[in-house]
Amino acid sequence: MGLSRFSWREMCSRPLRAFLTFLSITIGVGAVAAVLLATATTRQAQREMLRTVSGKADIEIVADGAGFPYETLAAVTKLPQVESAVAGVVRYGVIFTDDDRKARAQILGIDPRIDQTVRDYEVAEGKLPTSLRHLMLDQGFANSLAISVGDTVKILTKAGMRPFSVVGLVRPSGGSAVTLSGAVYMVLPAAQRTFQTGANIDQIQVVLRDKAQLPDVLKTLAAQLPVGATARSVRTQAQTTQEAMFAPRNGLLMAVAFSIVIATFIIYNTFQMSVGERRKQLGILRAVGATPSQIQWMILRESIWLSLLGAAAGCVVGLYGAGFLNRITEALLQVELPGIAMHIWPFVAAVGVGMLVSLLGAIIPARSAAAVQPMEAIRAIPPSNHAGWERLIGPASFVTLPVGLLLIWLSTRGVALGLDIVGVVLILLGCVLMIPRLLQPACGALTDWLEPWLGVSARLAHKQLLRHVGRTSLTVGVLFVALATCIGMAGNILDNVNDIRRWYTRTIIGDFFVRASLPDFASGAAADLPAELQQQVSHLPGIASVSTMRFVTVQSGEESLLLVVRPFVGDSSDFFDLTAGTDQQVQNGLANGHVVIGSVLALRRRLQVGDALALESESGTIELPIAAITNDYIGGGLTVYMDREHAHDLLGVDGYDALIIKAQSDQRMAVQASLQQLCQQQGLILQSYADLIGMIDGMIGSVIGSLWVLLALGCSIAAMGLVNTLTMNILEQTREIGMLRVVAMTRGQVRRMIFIQAGLLGVLGLVPGGLFGVFVQYAIGLSSMVVLGHDVQFVFRPTLFLGAIGIGLALVLLASLIPAERASRLKLQAALQYE
């Protein structure tokens with residue numbers, strides 16, 4: 001009880017030190033909690049977005065041609081692994097309003113009683129359709145045409161014009177910003193009658209009881225389904241999307257890893273200082289009868305108190321930080337993200353990190369203090385003995401460095417994705433563990449170089465830093481990790497952005513684009529355009545050329561691929577960002593029915609130029625020679641490009657879902673006005689090249705926006721930790737500063753000495769950290785070949801490198817400004833009595 005009271009009095013007598021310790025734990029725990037919560041929220045948003053597009057179903061049975069019998073549904077439902085199965089018809093038609101507005105729409109024939117078991121939407125207004133003359137519209141689509149519940153609309157199909165009453169409006173549930181563009185829902189029999197499918201259906205959405213059974217169910221269905229039906233995993237599109245999301249996902253994991261490392265160093269550094277400077281008091285307690293175990297328990301109890309308080313505050317800070325990050329991300333992406341993913345595990349992990357590191361920071365000095373003889377501790381506070389620790393951390397650094405390099409090498413060979421992150425973190429730790437060994441010679445050399453300009457203040461600053469090698473090493477380590485994170489992550493993000501921009505500037509060529517609906521850029525799919533539209537557009541004055549594009553999902557073995565069909569006339573550099581093959585091979589190959597494939601597909605199948613790709617057609621499997629391989633981000637790189645005529649002859653691909661229009665150079669404004677009028681009449685979407693590039697740039701921003709915010713969060717955490725550790729550094733030098741003032745050191749010289757200390761810490765941590773950050777950027781880029789099928793070009797950016805170091809040094813000096821002023825104004829008597 002007495003020791004507990006002593007601990008409380010000690011903390012009350014040093015409130016600033018106790019507060020800084022508490023603040024360090026709060027910062028560390030808050031950092032881990034905020035990043036984990038933000039990462040979980042981002043992943044949840046992505047899952048909801050993909051689920052909204054593909055629905056809740058695990059398997060979809062789709063028609064190969066005109067459909068398949070409705071009786072197939074009963075056979076599927078009887079399978080014991082199937083939880084629910086819903087039949088549907090999916091077609092396109094033109095919807096007309098009473099005031100003669102029209103738009104092309106995707107029309108879904110559904111069973112309203114059970115459809116929401118496979119599709120995730122909610123009725124925003126009205127009710128579900130129950131009659132053959134009822135239909136339900138996507139709310140956004142209805143608003144664009146000024147359609148309300150109770151209005152009558154007509155749908156034009158091959159069977160003629162049919163009137164329907166709008167009974168409901170729906171919207172996808174959850175926080176997804178992706179919707180079914182132009183979706184119209186009607187009961188299944190009405191769709192069958194409207195599109196004259198008879199008793200046939202186009203698809204069956206299947207939800208499994210156990211997701212792990214998916215491969216077995218696919219095999220069973222393949223053997224049982226009738227001719228004209230194919231079973232496939234609806235997650236295929238989500239899986240291909242993950243290929244394009246590799247860099248952002250890697251960035252999120254890297255941000256989490258670096259945030260934990262930074263938080264670990266901050267907490268450990270502060271506890272080492274807090275407990276180490278009380279060595280004399282602990283020795284006095286030993287002299288008056290306290291046992292070593294009592295001393296250790298007293299220190300551990302203090303760390304537990306502060307850890308619990310700091311962890312509680314850190315969780316609140318982390319929750320607020322994640323919410324703030326979420327709001328910034330929403331502003332950047334211009335979408336509504338789901339609320340904070342409130343899971344217990346981010347808080348448990350954050351509190352666990354804070355408690356573990358706090359106890360580690362307390363127990364080592366506590367054991368050391370308890371082992372000191374009482375008279376030895378009373379005489380003086382000896383300098384910290386780091387020889388033992390150097391014997392341990394030296395070999396540890398020589399182990400972590402080669403292991404980290406080995407993991408990066410394995411990752412580049414495709415052994416396991418994600419090993420590059422572990423490898424980079426291990427190399428980072430290895431470098432930090434080498435700091436105590438390298439600190440003295442590096443600091444001495446830097447001081448020798450600065451002394452002619454800075455005078456004796458540089459030598460005094462050097463001696464003060466080397467009096468506490470462990471504390472100085474940890475402070476340098478925080479700076480090292482912070483800048484390595486900043487430059488490595490920022491450089492890699494910019495490399496990936498440049499790669500995407502190089503791709504779209506070489507492959508998206510045209511002055512204007514006409515679509516029936518905005519495409520899903522994960523798959524490229526969009527609604528069909530009217531067959532006569534190409535001819536109508538080509539007759540407009542000022543048109544130089546009109547070409548078509550079609551996105552079709554094709555089967556290759558057990559995998560679904562995205563087939564891009566268009567006429568390829570002209571230089572291949574206008575269509576492809578080639579990674580293998582030549583322009584001549586592309587031109588000759590496409591003209592003869594060959595294909596160009598995406599780099600991810602080539603890597604996954606181990607295909608090269610000259611090999612054959614097997615595709616399923618109505619007449620069976622066909623082998624198509626590969627003319628070239630291209631860098632591609634549509635469909636996650638699982639793409640196949642084929643000339644329009646050969647796609648029609650070999651695969652039966654008809655129609656188109658985009659027009660690519662080139663205008664005469666002096667007629668662009670007139671052409672745009674004519675196209676706008678035509679699109680308004682037919683309910684189509686017109687995009688100029690500038691608009692499309694702006695939309696893609698916005699999508700790029702949506703990919704990297706959260707990473708930039710996470711990076712800013714990590715740098716803010718490091719900045720707060722830096723201010724904390726520098727403040728503790730100044731507090732420990734109070735007595736020494738008082739003695740220097742007694743021997744005639746001026747206040748200006750005191751300020752100068754503190755600034756030089758901060759500058760030395762900054763240079764020793766930031767310059768190596770910047771160099772290591774360049775290595776991090778390069779190392780992360782190495783693994784892109786394994787996923788994307790091509791190298792992401794590494795670019796060294798001197799402006800980023802020098803700018804980050806300059807900002808870091810300015811932050812270091814700014815952090816030392818208030819402590820330096822405080823040190824210069826110390827009262828001599830109080831300073832000499834300070835312990």
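Residues numbered from 1 in each chain as written. Predicted model: local features only at pLDDT ≥ 70, side-chain atom pairs only at ≥ 80, totals over all residues. Heavy atoms only, no water.

A. Inspection of the overall build of the protein chain at higher detail. A tally of regular secondary structure across the protein chain gives 29 helices and 22 strands. Looking at the 835 residues of the protein chain, the share that counts as buried comes to 55%. A separation of at least 24 residues holds for 80% of the contacts in the protein chain among residues at least 6 apart in sequence. (Helix = DSSP H or I, 4+ residues; strand = E, 2+ residues; numbered from the N terminus. Buried < 20%, exposed > 50% of the residue type's maximum accessible area, 1.4 Å probe, protein only. Contact = heavy atoms within 4.5 Å.)

B. Seen up close, the pattern of salt bridges. Tallied over the full model, the rule gives six salt bridges. A salt bridge links Asp 202 to Arg 91; its shortest N-O distance comes to 2.9 Å. Of this pair, Asp 202 sits in the loop between β10 (200-201) and β11 (203-208) while Arg 91 sits in strand β3 (residues 82-96), and the two are 111 residues apart along the sequence. When its relative accessible area of 24% is taken as the criterion, Arg 91 is described as partly exposed. Between Arg 459 and Asp 448 there is a salt bridge; the shortest N-O distance is 2.7 Å. On the criterion of sequence distance, the pair formed by Arg 459 in helix α16 (residues 456-467) and Asp 448 in helix α15 (residues 435-454) is long-range, its members being 11 residues apart. (Salt bridge = Lys/Arg side-chain N within 4 Å of Asp/Glu carboxyl O.)

C. Representation of the environment of Phe 775 within the structure. Note that Phe 775 resides in helix α25 (residues 747-782). Overall, the relative accessible area of 27% leaves Phe 775 in the partly exposed class. For the pair formed by Phe 775 and Gly 488, sequence separation is 287 residues and the distance between their alpha carbons is 7.1 Å. The residues touching Phe 775, leaving out its near neighbours within four places in the chain, are Leu 405, Ile 408 and Ile 427.

D. Just the packing of aromatic side chains, in detail. Scanning the model with the defined rule gives seven aromatic pairs in all. Each ring, one from Phe 480 and one from Phe 772, has its centre 5.5 Å from the other, and the planes form 40 degrees; the classification is tilted. You can see Phe 480 sitting in helix α17 (residues 469-507) and its partner Phe 772 sitting in helix α25, a full 292 residues away along the chain. By relative accessible area, Phe 772 is classed as buried at 8%. Considering the side-chain rings of Phe 796 and Phe 801, the 5.8 Å spacing of their centres and the 55 degrees angle between planes classify their relative orientation as tilted. What makes Phe 796 partly exposed here is its relative accessible area of 44%. Using a relative accessible area of 12% as the deciding quantity, one classes Phe 801 as buried. (Phe/Tyr/Trp six-rings, centres within 6.5 Å; stacked < 30°, edge-to-face > 60°.)

E. A look at helix α6 (residues 214-224). Burial in α6 covers these residues: Leu 214, Val 217 and Leu 221. An end-on view of α6 places all buried positions within 60 degrees of arc, on one side of the element. Exposed residues lying more than 90 degrees from the buried face of α6 are Lys 219, Ala 222 and Ala 223. Looking at the buried positions of α6, the neighbouring elements they touch are β1 (59-63), α3 (72-77), β11 and β12 (229-233). (Arc of directions from axis to C-beta.)

F. A look at the packing of α25 against helix α28 (residues 817-824). Interaxial distance between α25 and α28 falls to 8 Å at its minimum, and their mutual angle equals 145 degrees. Like other packed secondary-structure pairs, α25 and α28 cross with a definite hand, here right-handed. Touching Arg 747, Val 750, Arg 751, Ile 754 and Phe 755 of α25 are Leu 817, Ala 820, Glu 821, Ala 823 and Ser 824, all from α28. Here the contact of α25 with α28 is composed, by residue class, of six nonpolar, one polar and three charged. (Axes fitted to C-alpha atoms, helices over the stretch in contact; angles between N-to-C directions. Left-handed = near helix turned anticlockwise from the far one by under 90°. Nonpolar A, V, L, I, M, F, W, Y, C, P; charged D, E, K, R; others polar.)

G. Region of the structure containing the confidence of the model for the protein chain. Taken over all residues, the pLDDT of the protein chain has a mean of 75, while the share at 70 or more is 70%. Taken element by element, the predicted model of the protein chain shows its lowest mean pLDDT in helix α7 (residues 236-244) (45) and its highest in strand β17 (residues 595-598) (91). Low pLDDT (under 50) marks residues 519-524, which in the prediction has 24 contacts with non-local residues, meaning those over four places away or in another chain. (pLDDT = per-residue confidence, 0-100.)

H. Geometry of the side chain of Thr 472. By the element assignment, Thr 472 lies in helix α17. In terms of polar contacts, Thr 472 uses its side chain to reach the backbone carbonyl oxygen of Leu 465, at 2.6 Å. Excluding its chain neighbours within four sequence positions, the residues that come into contact with Thr 472 are Leu 439, Leu 465 and Leu 761. (Polar contact = N/O pair within 3.5 Å; in protein donor to acceptor, adjacent residues only side chain to side chain.)

I. Molecular detail of unusual backbone geometry. Non-glycine residue Gln 196 carries a positive phi angle of around 55 degrees. With respect to the element layout, Gln 196 can be found in the loop between α5 (188-194) and β10.

J. Broad picture of the side chain of Asp 111. For Asp 111, the location among the structural elements is in the loop between β4 (102-110) and β5 (121-126). For Asp 111, a relative accessible area of 15% translates into the label buried. Polar side-chain contacts of Asp 111 include one of 3.0 Å to the side chain of Arg 113.

K. How the structure looks around the packing of helix α14 (residues 419-433) against α25. At their nearest, the axes of α14 and α25 sit 10 Å apart, and the two run at 160 degrees to each other. For the element pair α14 / α25, the angle class is roughly antiparallel. For the crossing formed where α14 meets α25, the hand is right-handed. For the pair α14 and α25, contact is made by Asp 420, Val 424, Ile 427, Leu 428 and Cys 431 and by Phe 772, Phe 775, Val 776, Ala 779 and Ile 780, respectively. When the residues that make up the contact of α14 with α25 are grouped by side-chain class, the tally is nine nonpolar, no polar and one charged. (Parallel < 35°, antiparallel > 145°, perpendicular 65-115°, else oblique.)

L. The nonpolar core, seen in detail. Ranked by size, the top nonpolar core spans 46 residues in total, and within it Leu 760 and Phe 772 carry the most contacts. Ranked by residues supplied to this core, first place goes to α25 with 14 residues. Judged by nonpolar contacts, the second largest core, of 42 residues, contains Ala 103, Phe 141, Phe 164 and Ala 231. (Core = buried A, V, L, I, M, F, W, Y, C linked by side-chain atoms within 4.5 Å.)

M. Local environment of a nonpolar patch on the surface. Residues Leu 811, Leu 814, Leu 817 and Ile 818 make up a contiguous nonpolar surface patch of roughly 390 Å² in combined accessible area. Contributions of two or more residues to the nonpolar patch are made by α27 (798-815) and α28. Within the secondary structure, Leu 814 is located in helix α27. (Patch = residues over 30% accessible without salt bridge, like charges linked within 9 Å, V, L, I, M, F, W, Y side chains within 5 Å. Areas by Shrake-Rupley, 256 points an atom, 1.4 Å probe, with all protein chains shown as cover.)

N. Seen up close, the pairing of β12. The buried fraction of β12 is high, at four of five residues. In terms of strand pairing, β1 meets β12 through five bridges, oriented antiparallel. Bridge pairing in β12 links Ala 63 to Ala 229. (Pairing = 2+ DSSP bridges.)

O. Representation of α28. Along α28, the residues classified as buried are Pro 819, Ala 820, Ala 823 and Ser 824. On an axial view of α28, the arc spanned by its buried residues comes to 135 degrees, and they lie on one face.

P. Main features of the environment of Ala 105. As for its placement among the helices and strands, Ala 105 is situated in strand β4. Separated by 13 residues in the primary sequence, Ala 105 and Tyr 92 have C-alpha atoms spaced 5.7 Å apart.

Q. Broad picture of the environment of Leu 356. Looking at the secondary structure, you find Leu 356 in helix α11 (residues 344-371). The spatial distance from the C-alpha of Leu 356 to the C-alpha of Ser 307 is 9.1 Å, given a sequence separation of 49 residues.

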